[in-house]
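# An overview of the molecular structure
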Amino acid sequence: MRHTISLLVENKFGVYSRIAGLFSGKGFNMDSICVGETDNPDYSRMTIVTTGDDMVIEQIIKQLRKIIDVIKVTDLTHEDHVNREMALIKLNCTSTTRNSIVQIVDIFRAKIVDISPKTLTVEVTGSDKKVQAIVNMLQPFGIREIARTGTVALKREYSGKSPDWSSGEKRAFV
Amino acid sequence: MGDCKMEKVKEKEVAAAPKKKKEVLSGADILIRALLAEDVEYVFGYPGGVVIPIFDKLYSAPRPKVVLTRHEQGAQHMADGYARSSGKVGVCLVTSGPGATNLVTGIATSFMDSVPVVCLTGQVATAVIGNDAFQEVDITGITRPITKHNYLVRDTADLARTIKEAFYIAGTGRPGPVLVDLPKDVLISQVEFDYPDKVDIPGYKPTGEGHIQQIKKVAEVMAAARRPVFYVGGGCITANAAGELTDLARTAKIPVTTTLLGLGAFPENDPLSLGMLGMHGTWYANMAVNECDLLIAVGARFDDRVTGKLDDFAPKAEVIHLDVDPASISKNIKVDYPVVGDCRKILQRLSPLAREADTADWLKLIGHWKQTHPLKYQKSDRIKPQYVCEAIRKVCGEKAIITTDVGQHQMWAALHCGFFGPRTMITSGGLGTMGYGFPAALGAALANPDKKVVAVVGDGGLQMNMQEFATAVGQRLNVIVALFNNGFLGMVRQWQELFFGKRYSHTCLEYTNPDFVKLVEAFGAVGLRVDRHDEVVPVLEKAMSIKNLPVMIDFHIDRHENVFPMIPPGQMATDIIE
Ligand SMILES: Cc1ncc(C[n+]2csc(CCOP(=O)(O)OP(=O)(O)O)c2C)c(N)n1
């Protein structure tokens, strides 16, 4: 099963390679890893997407917790969480295909961020499923290059009443 | 009351007095002050370019004492042997580049067996790191998967805190090696010295003393079992919990088997002792695990040399697992009752709750197995290695510390020496590092000047770190090196005999082995050779009488002897060959 694991780590030299090394050294899958500083520059947040059966996931979490520079490990998979990925997709585009592409981009609420006589670059944000869906739709036009960030995720917080689905959040579920 | 007032007055005085000025020291001086603050007695080291500033300071410092080895691998193994035999953190100090890479095998050895060692390596100046400078190597990168943690110190201001953290991390929780890489300029720059008395590492809080509800549950399960067995690993010794374990096993009347690293956690002359289990374990220990209804693992990690085929390991048992490392629990085998924490503290809380289990029938059955399937070997005029092991224990005494190298002799020592107290068996279990046994004995001897230390080694492995005879002679350490000379890489030869149709590919050393007696004499040590069975005890006695010099005894053992019992790799307990 696919799991989304969120880590709070010390923002130090070499932490990233400790974690990447753990995955490669122990033969754990890593579908994506995403890192960035938090509001406190001493810490970084990492989001790792990995796949494995329950025993493997349990090991991954325990092994991550053993790393001295790792402060907190949360498996978000079974918690209500928001996850997003961003992708830039550069694809072939001629005057005959442009309209169809723009339609697809609109449906996914993506954006065109660069254009040339023969190409278009699309920016899309959403769950990894959504990103995959638009990639699949654009494939027939001929994708030249693609850059994906990998997933970032945070646990949702409730105010005690019903969840506050802001319009922005709903959009992202397309 | 009066005292109280006095205190207050004093406090005021202190507050009024100007703050004591902190000393400004170089990184090298700070390092030595830090080692003193950590009560380090010995540093096992080897100098080189970038660490000359440290060695220069050590030249005039009365402590720590430097033990100059002849190879950095020797330094790491000595620090490891020192740590295993004393429970203290071992320390080694080497130069950058090749000095650092020469530690790697030793660090991995310490890591696999959870041994607390702080490895100090020199590094090129921070300004040239990454430039492929002379003797530059990314040692923190290289050792990342084989250290508990490692540091590259980039600023002298961080040095004191880093050393404090390194010792703390190495010695607490599940111990392990911690490497600190020290660039040359960091050793030379000067800052105010301030050694912290506390550490605060947000991501490192070694786990406590076990959950009490879970401990209560464990006590109940233990009392209800009819065929329980303790399966005790090195973690029990590391946690200084051998005494607690022994008391508990005796109160609850539960038999005990230990792993290779657990030898000594429970006295083997106790009727409840089953000796070692696993690939070369006793018949009755393996059978007890196969038939038990409750397996109580204490500081053990279900290593494949113990379990064999996982699905068939302890097939009828529920499993209790006490361990300081949560990641060890349910890693290989599903555990029914995990308790995470320091083994000693857990056992201390478990003991008052434990009741005597109804194990009379079980112990009777085990007694029967011990009689019908004892450890055995053929008596002969030739020197049987098993006999040498028995003789070593007889002549050198119960308290003697035995270190081993890796191979057949290691298994014979494990099975036939007999172990009666913790920290008396020092051996490389997890990594199985040939070349470990002799230097480890030197570290153990320095840590235990009041104890006899015997290194049981093979003719293959001894040649991997022979050079340390110079260190042993220099330190006037009177360790006994019992060389089990069979002219073969015996353990590999045994596998070739059993599983590769007796094709002895590159395992015969006979014609190219040196004359070991002459060789150690060239180092200034004493060399004795034994060819006959009846000379074994007298020669050991003679070796015991020699003071202040290492003695090597070249036992020419029966060359074709094999280690049994043996469970062939990947098979189950009932496939055991006796
Ligand atoms: C550094 C290293 N290289 C290779 C091995 C593989 N190995 C395990 S036992 C063994 C033979 C050891 O021979 P010897 O030291 O003569 O001891 P014996 O088995 O004969 O008692 C070898 C080569 C090892 N464990 N360590």
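The structure displayed is predicted, hence computed values, not measured ones.

Turning our eyes to something else, we now look at the interface of chain A and chain B. At the junction of the two partners, chain A supplies 18 residues and chain B supplies 20 residues. Summed over both partners, the interface of chain A with chain B comes to about 1,500 Å²; 55% of that surface belongs to carbon and sulfur atoms. When residues of chain A are sorted by the area they lose upon contact with chain B, Arg18(A), Met55(A) and Ile68(A) head the list and together hold 41% of the total. If you look at where chain A meets chain B, you find six residue pairs in polar contact (both at pLDDT 80 or more). Where the side of chain A that touches chain B is concerned, the elements lending two or more residues are helix H1 (15–26), helix H2 (54–66) and strand S4 (70–75) of chain A.

In this section: helix H16 (residues 360–372) of chain B. All names here are of chain B. Its 13 residues place the ends of H16 19 Å apart at the C-alpha level, agreeing with the 18 Å of an ideal helix rising 1.5 Å per residue. Within H16 the residues assigned to the buried category are Trp362, Ile366 and Trp369. All buried residues of H16 project into a common sector of 55° when viewed along the axis, lining one side. Residues Ala360, Asp361, Lys364 and Gln371 are exposed on H16 and point more than 90 degrees away from its buried face. Buried residues along H16 sit against strand S9 (228–232), strand S11 (273–276) and helix H13 (283–291).

A word on the side chain of Arg84(B). All names here are of chain B. For Arg84, the location among the structural elements is in helix H4 (residues 72–86). Arg84 sits in the buried class, given a relative accessible area of 11%. At 2.6 Å, the side chain of Arg84 forms a polar contact with the side chain of Asp80. A distance of 2.8 Å separates a polar side-chain atom of Arg84 from the backbone oxygen of Thr427. Sequence-distant contacts of Arg84, that is, excluding residues within four places in its chain, are made with Thr109, Asp113, Val115, Leu261, Arg423, Ile426, Thr427, Ser428 and Tyr436.

Time to look at the site of the ligand. All names here are of chain B. The ligand sits among 17 residues. The nearest are Gln408, His409, Gly432, Gly461 and Gly490. At 3.3 Å from a nitrogen atom of the ligand is found a main-chain nitrogen or oxygen belonging to Met434. With respect to the ligand, the side chain of Asp459 contributes an N or O atom lying 3.1 Å from an oxygen atom. If the ligand stood free it would expose 580 Å²; the protein chains cover 76% of that surface. Split into classes, the residues belonging to the shell around the ligand amount to seven nonpolar, nine polar and one charged.

About the criteria used
- Residues numbered from 1 in each chain as written.
- Chains lettered and ligands numbered in written order.
- Predicted model: local features only at pLDDT ≥ 70, side-chain atom pairs only at ≥ 80, totals over all residues.
- Heavy atoms only, no water.
- Contact = heavy atoms within 4.5 Å.
- Buried area = accessible area lost by both parts, 1.4 Å probe.
- Polar contact = N/O pair within 3.5 Å; in protein donor to acceptor, adjacent residues only side chain to side chain.
- Helix = DSSP H or I, 4+ residues; strand = E, 2+ residues; numbered from the N terminus.
- Expected span 1.5 Å × (residues − 1).
- Buried < 20%, exposed > 50% of the residue type's maximum accessible area, 1.4 Å probe, protein only.
- Arc of directions from axis to C-beta.
- Near = heavy atom within 4 Å.
- Areas by Shrake-Rupley, 256 points an atom, 1.4 Å probe, with all protein chains shown as cover.
- Nonpolar A, V, L, I, M, F, W, Y, C, P; charged D, E, K, R; others polar.

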